[in-house]
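Chain by chain, the residues:
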Amino acid sequence: MGTALLKHTLLCLIVAVSQCVSAQGCGSHYEFAIEEFCLAKFKLDMQKLDQRQWCSWEDTVELYSDLTNCTYVVAQGMSCYWPNRMVDEFFIQVHRYYFHNCSLSGRLLKDPPNRILGPFIVVPILVTLLMTALVVWRSKRSEGIV
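Residues numbered from 1 in each chain as written. Predicted model: local features only at pLDDT ≥ 70, side-chain atom pairs only at ≥ 80, totals over all residues. Heavy atoms only, no water.

As a further point, take the confidence of the model for the chain. Overall, the prediction assigns the chain a mean pLDDT of 79, with 75% of residues at 70 or greater. The low-confidence segment residues 6-23 (pLDDT under 50) makes six contacts with residues lying over four places distant or belonging to another chain. (pLDDT = per-residue confidence, 0-100. Contact = heavy atoms within 4.5 Å.)

In structure tokens form, the structure reads like this:
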């Protein structure tokens, strides 16, 4: 029983160490690779878009997906653990530069269509006019008041 526990503990330790070494061993080489290969292409693709489209998920979803996949492929090619701390920091920097003015939903904020907005404007106006007319009509009727 003690030997099995020792073997299991040793196996867990080896797996943990190999993961740490894999994540740590990807230091500056991995960072350089994702900046040169992935970020460079992403920058070119984003420059093709108008800056007002950067917050439009429909326009950027494919570019963002390509960037994510690129960081994954580079990590696999360099035998690095993915995702890791460097990938997180990399994407934080990308978001700070390209998406800092975007809403949390990732959608470009705009007014709803008139067919949706219209009833929210017209109905309160009509109710206000109706209530005003009712009050005036009721105040002109003096029947039943002693």
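So much for the structure itself; the text now carries on.
Quick look at the UniProt feature "transmembrane region" (unreviewed entry) in the chain now. Taking the UniProt record as the reference, the feature "transmembrane region" (unreviewed entry) is found at residues 116-137. As a span, residues 116-137 carries 100% helix and 0% strand, and end to end its C-alpha atoms are 33 Å apart. (UniProt positions renumbered as here; feature names shortened; annotations may be inferred. Helix = DSSP H or I, 4+ residues; strand = E, 2+ residues; numbered from the N terminus.)

It is worth spelling out the packing of aromatic side chains at this point. The tally for this structure, following the rule as stated, stands at nine aromatic pairs. Ring centres of Tyr-72 and Trp-82 lie 5.1 Å apart, and the angle between their planes is 80°; on these two criteria the pair is classed as edge-to-face. Residue Tyr-72 is located in helix 3 (residues 57-77), and its partner Trp-82 is located in the loop between helix 3 and helix 4 (85-98); the two are separated by 10 residues in the primary sequence. With relative accessibility at 38%, the residue Tyr-72 sits in the partly exposed group. Exposure remark for Trp-82: the relative accessible area of 25% places this residue in the partly exposed category. Measuring from centroid to centroid gives 5.4 Å for Phe-90 and Phe-91, while their planes differ by 85°, and the two rings are edge-to-face. By way of ring pairs, the aromatic residues Phe-42, Trp-54, Tyr-64, Phe-90, Phe-91, Tyr-97, Tyr-98 and Phe-99 are connected into one cluster. (Phe/Tyr/Trp six-rings, centres within 6.5 Å; stacked < 30°, edge-to-face > 60°. Buried < 20%, exposed > 50% of the residue type's maximum accessible area, 1.4 Å probe, protein only.)

Another aspect to go through is the environment of Tyr-64. Note on placement: Tyr-64 falls in helix 3. Look at Tyr-64 and you get buried, because its relative accessible area is 18%. Expressed as a C-alpha distance, the spacing of Tyr-64 and Met-46, which sit 18 residues apart in the sequence, is 9.6 Å.

Where nonpolar side chains cluster on the molecular surface, the patch consists of Ile-121, Val-122, Ile-125, Leu-126 and Leu-129 and spans about 470 Å² of accessible area. Of the residues examined, Leu-129 reaches a relative accessible area of 54% and is grouped as exposed. (Patch = residues over 30% accessible without salt bridge, like charges linked within 9 Å, V, L, I, M, F, W, Y side chains within 5 Å. Areas by Shrake-Rupley, 256 points an atom, 1.4 Å probe, with all protein chains shown as cover. Salt bridge = Lys/Arg side-chain N within 4 Å of Asp/Glu carboxyl O.)

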